[in-house]
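Residue strings, one per chain:
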Amino acid sequence: MRIFVTGGAGFIGSAVCRHLIGDLGHEVVVIDKLTYAANLASLAPVSDSPLYKFAKVDICDAPAVAALFDRHAPDAIIHLAAESHVDRSISGPGVFLQTNVIGTFTLLEAVRAYLAGAGKAKSDSFRMIHVSTDEVYGSLGDEGLFTEETPYDPSSPYSASKAASDHLAKAWQRTYGVPVIVSNCSNNYGPYHFPEKLIPLMILTALEGRPLPVYGDGANVRDWLYVEDHARALALILGRGRPGETYNIGGRNERKNLHVVQRICEAMDRLHPDGAPHERLITFVADRPGHDRRYAIDAAKLETELGWRAQETFETGLEKTVAWFLENEAWWRPLRQGVYGGQRLGLIQA
Ligand SMILES: NC(=O)c1ccc[n+]([C@@H]2O[C@H](COP(=O)([O-])OP(=O)(O)OC[C@H]3O[C@@H](n4cnc5c(N)ncnc54)[C@H](O)[C@@H]3O)[C@@H](O)[C@H]2O)c1
């Protein structure tokens, strides 16, 4: 297959490209604007392949997107391009609405026009995966899980913009028959993770021997999935998922944030004993405004209908991730020095 991957230079998008090209032998055209979050070094393992192509395009640029469909005639699109960091959405929500909502609208219209001019065989087989987050469902209490039927109740500008884009995707499927499948995944982590997100930020800050800032009381719960398990799930959904359906993706790995940071400290003590015990660096800082208390995904539909299973537990995935960051300073050092140095984002000034 020839697959468009929007946001392919980002964290999850690059894992999807490495899987589609490296493991499955598909042809991939990456469509990416190359924002601060993009890193072409994350595509280095596949960028020499004849199966790989790259287009520096903003998904909000309708003529440029249409030209890509004309030129490459794809069989599918996996849409991951987005602004993705909750703290940045609190500081500056405008770009989240632009890329996540208007960008998704632009892509949906491009797919609709492309399929209107394509033959029946292409229209019947074409798939668009709209990649979204569990954050659209809002916050859970101590019990219960998000299912595909859980009503949307987003809390942050980020999750509200993702919720809006999910609604557009479903509306374009029902109204125009655009063959969209929506996936809602829990928090990802793993190699090539931009170091503004919790796990890589804590690994690099611990490595520098600096205080590890835990928001609030550290009791917020997230459900963690190793990024390569997400990439495998998306490939499976692309091949076997049903248009118009939603699939929740999650690894059944609920952890309190404080617990996550403590496990990182333990892994650092083992793999990088200088500065141990790293747990002494943990400090509690002002909470994130609107911080959802708990997310937890019920992935039963994906597991029973498509036979997906996460291959990594939180413990095996975290160990691999810490080891990867320790071994790949050449990847993260330029980001840490030039793009984002670890300063606090997303506090509302009084
Ligand atoms: N990271 C997670 O834990 C997580 C969990 C569930 C779902 N998601 C969703 O998965 C997708 C990918 O997340 P990620 O963590 O890899 O994000 P990321 O921030 O690492 O990467 C986003 C990519 O999109 C590109 N991009 C941004 N605006 C663009 C535009 N206007 N046009 C073209 N490209 C643009 C960026 O350059 C970057 O390469 C997002 O839609 C996100 O909402 C993320």
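Look above for the structure.
Residues numbered from 1 in each chain as written. Predicted model: local features only at pLDDT ≥ 70, side-chain atom pairs only at ≥ 80, totals over all residues. Heavy atoms only, no water.

Chemist: How should I be thinking about the packing of helix α4 (residues 94–116) against helix α6 (residues 157–176) in this particular structure?
Modeler: Working note: a packed helix pair is described by the angle between its axes plus the distance between those axes. The contact between α4 and α6 brings their axes to 8 Å, and the two run at 15°. Here α6 runs roughly parallel to α4, going by the angle between their axes. Two packed elements cross with a definite hand, and for α4 against α6 that hand is right-handed. Where α4 abuts α6, its residues Phe96, Leu97, Asn100, Val101, Thr104, Phe105, Leu108, Glu109 and Arg112 lie against Tyr158, Ser161, Lys162, Ala164, Ser165, Leu168, Ala169, Trp172 and Tyr176. (Axes fitted to C-alpha atoms, helices over the stretch in contact; angles between N-to-C directions. Helix = DSSP H or I, 4+ residues; strand = E, 2+ residues; numbered from the N terminus. Parallel < 35°, antiparallel > 145°, perpendicular 65-115°, else oblique. Left-handed = near helix turned anticlockwise from the far one by under 90°. Contact = heavy atoms within 4.5 Å.)

Chemist: So what exactly am I meant to see when it comes to the sheet that holds strand β6 (residues 180–185) here?
Modeler: Backbone-to-backbone hydrogen bonds join strands into a sheet, with any given pair of strands oriented parallel or antiparallel. Read across the open sheet, the seven strands follow the order β3-β2-β1-β4-β5-β6-β10; overall the sheet is parallel. The open sheet is flanked by β3 (52–56) and β10 (246–249), the only strands paired with a single partner. In this sheet, adjacent strand axes meet at a mean angle of 20° when their direction is disregarded. Strand direction decides the pairing type here: strand β5 (residues 127–133) and β6, joined by six bridges, are parallel. Bridging from a neighbouring strand, methionine 128 pairs with valine 180 of β6. Set on the sheet, helix α1 (residues 11–23) makes contact with β1 (2–6), β2 (27–32), β3 and β4 (76–79); between it and β1 the angle comes to about 165°. Relative to β5, helix α8 (residues 227–240) is tilted by about 145°, and along the sheet it contacts β1, β4, β5, β6 and β10. (Pairing = 2+ DSSP bridges.)

Chemist: Even after reading the chapter, I still don't get the sheet that holds strand β9 (residues 221–226), so can you show me in this structure?
Modeler: What the three strands build is an open sheet, ordered β7-β9-β11; its pairing is mixed. A single partner strand is all that each edge strand has here, and the edge strands are β7 (187–189) and β11 (254–256). Across this sheet, the average inter-strand angle for adjacent strands is 50°, counted without regard to direction.

Chemist: Where do I start with α6 in this structure?
Modeler: Across its 20 residues, α6 extends 28 Å between first and last C-alpha, which sits within 8% of the 28 Å expected from 1.5 Å per residue. Listing the buried residues of α6 in full gives Tyr158, Ser159, Ser161, Lys162, Ala163, Ser165, Asp166, Ala169 and Trp172. Buried residues in α6 make contact with α3 (86–91), α4, β5 and β6. A positive backbone phi angle near 75° is found at glycine 177, which sits one or two residues after α6. (Expected span 1.5 Å × (residues − 1). Buried < 20%, exposed > 50% of the residue type's maximum accessible area, 1.4 Å probe, protein only.)

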